[in-house]
Amino acid sequence: MEITEQCVVALTWKLKDTLGELLDELDEPVEFLVGGDDLLKPIEASLQGHEPGATLQLHIEPEEAFGDYNEELVFLEPRAAFPKELDEGMTFDGAALPTGTSPGMPKDRLYTVTEIYPEHVVLDGNHPLAGIALRLELKVEAVREATEDEIGRGTTGSGFFKVQTTAPGNDTLH
């Protein structure tokens with residue numbers, strides 16, 4: 001089956017920055033909805049017309065991926081507002097920030113603790129890959145028709161580079 005809008009692709013990949021440093025690797029295929037919210041638009045466009053077994057080499061600039069790094073999304077917050085057990089890499093949902101943090105912080109962001117000082121904590125609301133040009137080696141492992149449920153939700157549920165927040169300090173990118 002050829003990749004078209006509203007189908008599901010199973011992909012493996014190696015993601016590197018422009019210096020060749022490995023940022024993420026999927027050894028086992030993960031399914032993504034083409035034409036939904038799972039993949040970056042340049043990836044979807046590149047996949048069109050390919051079939052299982054195809055390999056692609058992509059270069060994606062920051063503005064087509066996770067945007068430029070925005071220093072206005074970095075906040076210095078009082079250490080006392082956060083739990084005693086706090087580690088760099090932990091994330092906080094902007095809609096549920098601890099009481100005592102700056103009221104002007106955008107609520108639609110996921111904030112990562114990047115530095116901890118005795119009196120302050122640095123929170124970064126940028127995506128971990130913001131400002132980074134990406135090199136992606138993709139392999140199409142399988143293609144299938146999307147279910148009505150997947151099309152209705154706009155996702156297979158996997159998403160592309162969502163930061164997992166299930167465990168403190170877990171900064172997995174897929």
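Keep in mind it's a predicted model, so treat the numbers as computed, not measured.

Read from one edge of the open sheet, four strands run E2-E1-E8-E3, paired in antiparallel fashion. Strands with a single pairing partner mark the edges of an open sheet, and in this sheet they are strand E2 (22–34) and strand E3 (55–60). The mean angle between the axes of side-by-side strands here comes to 25°, regardless of whether they run parallel or antiparallel. Relative to strand E8 (residues 134–145), strand E1 (residues 7–17) runs antiparallel, the two being bridged by eleven bridges.

Pairing of E3 with E8 involves six bridges; the strand directions are antiparallel. Looking at the pairing, Gln57 lines up with Glu137 of E8.

With a phi close to 65°, Gln6 is a non-glycine residue in the positive phi region. For Gln6, the location among the structural elements is in the segment before E1.

What follows covers the environment of Pro103. Take Pro103: it is sitting in the loop between strand E5 (91–93) and strand E6 (110–116). Separated by 74 residues in the primary sequence, Pro103 and Pro29 place their C-alpha atoms 41 Å from one another.

What follows concerns the nonpolar core. Of all hydrophobic cores here, the largest spans 25 residues; its most connected members are Val9, Leu11, Ile43, Leu47 and Leu138. Here Val9 is in contact with Ile3, Val30, Glu31, Phe32, Val34, Leu39, Leu47, Ala142 and Val143, once residues within four sequence places are set aside. By size, the runner-up hydrophobic cluster in this structure holds twelve residues, among which are Met90, Leu97, Val113 and Val121.

Where charged atoms from two side chains of opposite charge come close, those side chains can pair. Using the criterion set out here, one finds five salt bridges in the structure. A salt bridge links Glu31 to Arg144, with the shortest nitrogen-to-oxygen separation between them at 2.9 Å. Taken together, the residues Glu31 in strand E2 and Arg144 in strand E8 connect sequence positions 113 residues apart. A single salt-bridge network, built from bridges that share partners, covers Glu31, Arg144 and Glu150.

The rules behind the values
Residues numbered from 1 in each chain as written. Predicted model: local features only at pLDDT ≥ 70, side-chain atom pairs only at ≥ 80, totals over all residues. Heavy atoms only, no water. Pairing = 2+ DSSP bridges. Helix = DSSP H or I, 4+ residues; strand = E, 2+ residues; numbered from the N terminus. Axes fitted to C-alpha atoms, helices over the stretch in contact; angles between N-to-C directions. Core = buried A, V, L, I, M, F, W, Y, C linked by side-chain atoms within 4.5 Å. Buried < 20%, exposed > 50% of the residue type's maximum accessible area, 1.4 Å probe, protein only. Contact = heavy atoms within 4.5 Å. Salt bridge = Lys/Arg side-chain N within 4 Å of Asp/Glu carboxyl O.

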